[in-house]
Amino acid sequence: MPICPYFDQEKNYCDVGEDYISPYDVVAMSHHCSGGYRECERFEQLARQYPEVLEQSDRLQLSPQSDPLVSPHIHNQRTPIHIKFSNKWPLSYRLNYVKSCYQSNETRREEIQPMQQQPVKNRGLQVLLAGLGINLALGILYTWSIFKGAIADSIAGGGEGAFNWSAASVNDPYAVACLAFAAAMILAGKCQDKFGPKITCMIGGLLVGCGFVLVSQTTNYWAWVLGFGVLAGGGIGFGYSAATPPALKWFSPAKTGLIAGIVVSGFGLASVYIAPLAKYLLHEFGIQQAMMFFGVAFAVVVCSLALLITNPPEGFVADPAAQKNSAKAVANAGDLTPRQLFTNAKFYTLWLCYFIGAGAGLMVIGSAKGLAKASMGEMAFLVVVIMSVGNAAGRLVAGVVSDKIGRAATLCLMLVFQAALMFVAIPVLGSETSSPILVALLVTAMVFNYGTNLSLFPSFAKDSWGMKNFGMNYGILFSAWGVGAFVLVRVSEMLKVKTGSMDSSFIVAGVLLLVGAMMALSLRPQKAAAPATETATEPIYVEEEDLVLQQAND
């Protein structure tokens, strides 16, 4: 198609030949285009539709051979065109604009075509391992109990350079860190969606490093709240939020749960090596020097691994064949913005389930962990290792299972299992004659179930609201973890002070988990009737995702 003011290159649609275009306009076009109308695919159609536009002349004749695009019938009966201008014809600047746009588009097509033919190197494994490594460093948050013990010993010992805190405030930096962690996930999600995971992760590494270096220089209570609580907690949130989304983008949707589970398992597994390392550094150098070593090391490690974190190019598809043929492929529900999230009923259900699943687990795990350590005696250090492995295993197993049977079914099973463990814990942990091995296994199972939350809910967010705004959307959903930890742990402490035992906390946690399981049932995919066939006599019901996939294939 030649250049024409009536042809929109972007829409790939030609107005010439339509009823609302005057044939006189096309004649005028031929004048301005120096006879280019002869190359127009639609001109012959106009010539046949409006023969009165062409006027006969006795002086000049046009042979068929000189203009092969025009039919012989027209050539034999018509002579060259007398131009008749119409006020519909665009001004000359409009014609120049159309020509320049066309030439610009052609140039861009020539430049883009070679780029599109270049194969994209799949960096999925690289990004996956880098995210796992980042979480292995940031998981130092779970080893706070070791630092807490050193601070408590310093308070009890007293003397020059000792921590001069009240015994009741020893856990405050950790509590503030949990809140900062949850709040930073929202800011980090926005940062990631705008600037990418690499910059977001580097910010997290630098914040953690600065926070640890700050607390290494002082024993002041407020400095520790700021350094460990605000800076380190916020940095952990930035790093944690930047590790999972890019890894998910590099792999097939059929592996969403598995990939999320692998990445976040590093956070739970970190205590396996950080706990003995922290004990060694505390024994050899003291708490402040140990914090300095950790701060510098983790800043370097996180920022270095951040260089390996990257998003795939736009339009990248990890496994087109699996995406097309998988019967469990997730239908694209659209990319929701954070603002739209608050008008989505599913968001509130997921938020409450996350609040219950994470909060109910944390409200009893801390005390149960202490009981397990006490029952193990000299082998208490094994409890930390076993629980760390259980935490990581829960994240990984839940991801794999949810890929097979669905997110909602997995969540419901885990919440019911966790509720059963809470009721079993009342006689087991409340008895002085319980086997230490049974106590350790029970607490490990609790931690296993708690870990499943950290794998399932990122997958829920990705499946339900898309990947475009995943960072901030999951950050908002993750606020349930912070609020649940703060509120329900506080409730547990109040019940323990009032009743003198953990039985009330276990009962409350068990009931909440059962409520959460019932809410999780509403998250199951809705069913839709499949299109009826000629041989079908009754409606056939299939999963909604399968129906959408079937329609897309058709």
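Predicted, not measured: the structure shown is a model, and the values here were computed from it.

*Asks:* What am I meant to see in the side chain of serine 492 here?
*Replies:* As for its placement among the helices and strands, serine 492 is situated in helix α19 (residues 470–499). Take serine 492: its relative accessible area is 2%, and that puts it in the buried class. Those residues in contact with serine 492, other than ones at most four positions away along the chain, are Met363, Met502 and Ser505.

*Asks:* Explanation requested: the packing of aromatic side chains in the structure shown.
*Replies:* The description of an aromatic ring pair rests on the distance of the ring centres and on the angle between the ring planes. Under the definition given, this model contains 26 aromatic pairs. Note on tryptophan 165 and tryptophan 224: the rings are 6.0 Å apart at their centroids and 75° apart in plane angle, and the pair reads as edge-to-face. Residue tryptophan 165 is found in the loop between α6 (144–157) and α7 (172–195), and its partner tryptophan 224 is found in helix α9 (residues 221–249); the two are separated by 59 residues along the sequence. Here tryptophan 165 matches tryptophan 224 in class, with each residue buried. Aromatic pair tyrosine 354 and phenylalanine 478: ring centres 6.1 Å apart, planes at 75°, arrangement edge-to-face. Of this pair, tyrosine 354 sits in helix α15 (residues 345–376) while phenylalanine 478 sits in helix α19, placing them 124 residues apart in sequence. Exposure class is identical for tyrosine 354 and phenylalanine 478. Each is buried. Taken together, the ring pairs connect Phe181, Tyr240, Phe267, Tyr354, Phe457, Phe460, Phe470, Tyr474, Phe478 and Trp481 into an aromatic cluster.

*Asks:* Would you mind going over the environment of lysine 462 with me for this structure?
*Replies:* Considering the arrangement of structural elements, one finds lysine 462 in helix α18 (residues 436–465). Taking the C-alpha atoms as reference points, lysine 462 and threonine 256, separated by 206 residues in sequence, lie 8.3 Å from one another. With near-sequence residues (within four places) excluded, lysine 462 lies in contact with Leu248, Pro253, Thr256, Met467 and Phe470.

*Asks:* Where do I start with the packing of α6 against helix α12 (residues 287–306) in this structure?
*Replies:* How two helices sit against one another is set out by the angle between their axes and by the gap between those axes. Relative to each other, α6 and α12 sit at 155°, their axes nearing to 11 Å. Between α6 and α12, the interaxial angle falls into the category roughly antiparallel. Within the contact between the two elements, α6 uses Phe147, Ala150 and Ile151 and α12 uses Ile287, Met291 and Phe294. Residues of the contact of α6 with α12, tallied by class, amount to 6 nonpolar, no polar and no charged.

*Asks:* What is the right way to read a nonpolar patch on the surface from this model?
*Replies:* Judged by side-chain polarity, Val416, Phe423, Ile507, Val511, Leu514, Val515 and Met518 come together as a nonpolar surface patch covering roughly 570 Å² of accessible area. At the level of elements, α17 (407–430) and α20 (503–521) are the ones that each hand at least two residues to the nonpolar patch. Examining the composition of the nonpolar patch, we find that 5 residues originate from one element, α20, more than from any other. Looking at where phenylalanine 423 falls in the secondary structure, it is placed in helix α17.

Criteria and cut-off values
Residues numbered from 1 in each chain as written. Predicted model: local features only at pLDDT ≥ 70, side-chain atom pairs only at ≥ 80, totals over all residues. Heavy atoms only, no water. Helix = DSSP H or I, 4+ residues; strand = E, 2+ residues; numbered from the N terminus. Buried < 20%, exposed > 50% of the residue type's maximum accessible area, 1.4 Å probe, protein only. Contact = heavy atoms within 4.5 Å. Phe/Tyr/Trp six-rings, centres within 6.5 Å; stacked < 30°, edge-to-face > 60°. Axes fitted to C-alpha atoms, helices over the stretch in contact; angles between N-to-C directions. Parallel < 35°, antiparallel > 145°, perpendicular 65-115°, else oblique. Nonpolar A, V, L, I, M, F, W, Y, C, P; charged D, E, K, R; others polar. Patch = residues over 30% accessible without salt bridge, like charges linked within 9 Å, V, L, I, M, F, W, Y side chains within 5 Å. Areas by Shrake-Rupley, 256 points an atom, 1.4 Å probe, with all protein chains shown as cover. Salt bridge = Lys/Arg side-chain N within 4 Å of Asp/Glu carboxyl O.

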